[in-house]
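A look at the structure
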Amino acid sequence: MSVTERKAATLLALAETFGRELSEAAIEMYLDAVDDVSDSVFELAARRCMRACTFFPPPAEIREMAGLGEPSPDERAIRAWSEAWLAVEDHGSYVSVEFADAVTARTIETMGGWPAFCRPTQDVEWHRKEFLETYRGLIGTVDGDAPRRLLGIVERSGGRTAELVLIWPACALLAWW
């Protein structure tokens with residue numbers, strides 16, 4: 001099942017929960033509005049909607065539940081850096097991670113991949129500056145279906161990964177709890 005099919009199935013289940021039927025056109029519009037949200041984050045956002053919403057949510061509300069508003073490029077880059085560096089500190093280079101934001105994942109891949117990102121060859125402040133510049137440059141160029149999973153050392157070397165860590169936006173985590 002593709003990412004789009006998984007999102008469509010989740011959207012239909014959410015609609016059914018609220019007693020709504022969606023036309024093909026409505027499904028297409030919703031999916032277009034959340035194309036930059038990974039399927040796993042979309043599922044979690046849908047669960048949050050089921051718990052918190054009184055009525056079937058519009059796409060903007062689902063995006064909010066996923067922790068994605070419409071911040072400026074600089075705000076997005078700074079938030080992405082914070083989430084990425086916290087993931088480095090919390091999980092390290094051995095585990096594989098999946099970011100909610102496809103631009104964050106592409107930025108890290110551009111900088112050499114997850115293990116390289118976790119072990120900068122320069123001062124962390126320069127590493128941060130490179131991340132922010134790269135991130136800002138990639139905004140608007142990354143497809144919503146772009147890979148968000150970054151392989152850790154274990155999985156890259158052919159080993160079985162014991163876990164995949166989903167990196168949620170910090171504001172979404174605070175709202176979740």
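Up top is the structure.
Residues numbered from 1 in each chain as written. Predicted model: local features only at pLDDT ≥ 70, side-chain atom pairs only at ≥ 80, totals over all residues. Heavy atoms only, no water.

1. Here we look at the packing of helix 1 (residues 3–17) against helix 2 (residues 24–33)
Between helix 1 and helix 2, the shortest axis-to-axis distance is 10 Å and the interhelical angle comes to 115°. Of the two possible hands of crossing, helix 1 and helix 2 adopt the one that is right-handed. The segment helix 1 lies against helix 2, with Thr4, Lys7, Ala8, Leu11 and Leu12 engaging Ile27, Tyr30 and Leu31. Within the contact of helix 1 with helix 2, the residues separate by chemical class into six nonpolar, one polar and one charged. (Axes fitted to C-alpha atoms, helices over the stretch in contact; angles between N-to-C directions. Helix = DSSP H or I, 4+ residues; strand = E, 2+ residues; numbered from the N terminus. Left-handed = near helix turned anticlockwise from the far one by under 90°. Contact = heavy atoms within 4.5 Å. Nonpolar A, V, L, I, M, F, W, Y, C, P; charged D, E, K, R; others polar.)

2. Some remarks on the side chain of threonine 10
Along the chain, threonine 10 turns up in helix 1. If sequence neighbours within four positions are ignored, threonine 10 has contacts with Phe42, Glu43 and Ala46.

3. Describing the nonpolar core
Core analysis: the largest hydrophobic core is formed by 27 residues, its most contacted members being Val97, Phe99, Ile108, Trp114, Phe117, Phe131 and Leu150. When contributions to this core are tallied by element, the ones reaching two or more residues are helix 5 (73–91), strand 1 (96–99), helix 6 (102–110), helix 7 (114–118), helix 8 (124–138) and strand 3 (164–167). Looking at this core element by element, the count peaks at seven residues for helix 5. Look past the residues within four positions of phenylalanine 99 in its chain and what remains in contact with it is Glu83, Ala84, Ala87, Thr104, Ile108, Trp114, Arg148, Leu150 and Ile167. Ranked by size, the runner-up nonpolar core spans 22 residues in total, among them Val37, Cys49, Cys53 and Ile62. (Core = buried A, V, L, I, M, F, W, Y, C linked by side-chain atoms within 4.5 Å. Buried < 20%, exposed > 50% of the residue type's maximum accessible area, 1.4 Å probe, protein only.)

4. Examining the packing of aromatic side chains
What the rule picks out here adds up to ten aromatic pairs. Plain terms: the ring middles of phenylalanine 99 and tryptophan 114 are 5.9 Å apart, the flat faces sit at 65° to each other, and that makes the pair edge-to-face. Residue phenylalanine 99 is found in strand 1, and its partner tryptophan 114 is found in helix 7; the two are separated by 15 residues along the sequence. When its relative accessible area of 1% is taken as the criterion, phenylalanine 99 is described as buried. Judged by relative accessible area, tryptophan 114 falls into the buried class, the value being 0%. Clustering of aromatic rings is evident, with ring pairs tying together Trp81, Trp85, Phe99, Trp114, Phe117, Phe131 and Tyr135. (Phe/Tyr/Trp six-rings, centres within 6.5 Å; stacked < 30°, edge-to-face > 60°.)

5. A look at the pattern of salt bridges
Per the stated rule, a full pass over the model turns up seven salt bridges. The salt bridge partner of arginine 63 is aspartate 36, with a shortest N-O separation of 2.6 Å. Of this pair, arginine 63 sits in helix 4 (residues 59–65) while aspartate 36 sits in the loop between helix 2 and helix 3 (39–52), placing them 27 residues apart in sequence. Arginine 63 sits in the buried class, given a relative accessible area of 11%. You can call aspartate 36 partly exposed: its relative accessible area is 27%. Arginine 128 is the partner of glutamate 125 in a salt bridge, and the nearest nitrogen-oxygen pair spans 3.5 Å. (Salt bridge = Lys/Arg side-chain N within 4 Å of Asp/Glu carboxyl O.)

6. Remarks on helix 1
End to end, helix 1 covers 21 Å across 15 residues, agreeing with the expected 21 Å (1.5 Å per residue, within 8%). Looking only at helix 1, the buried set comprises Lys7, Ala8, Thr10, Leu11, Leu14 and Ala15. Viewed along the axis of helix 1, the buried residues span an arc of 165°, placing them on a single side of the element. Against helix 2, helix 3 and helix 4 lie the buried residues of helix 1. Looking one or two places after helix 1, you find glycine 19, whose phi comes out positive at around 70°. (Expected span 1.5 Å × (residues − 1). Arc of directions from axis to C-beta.)

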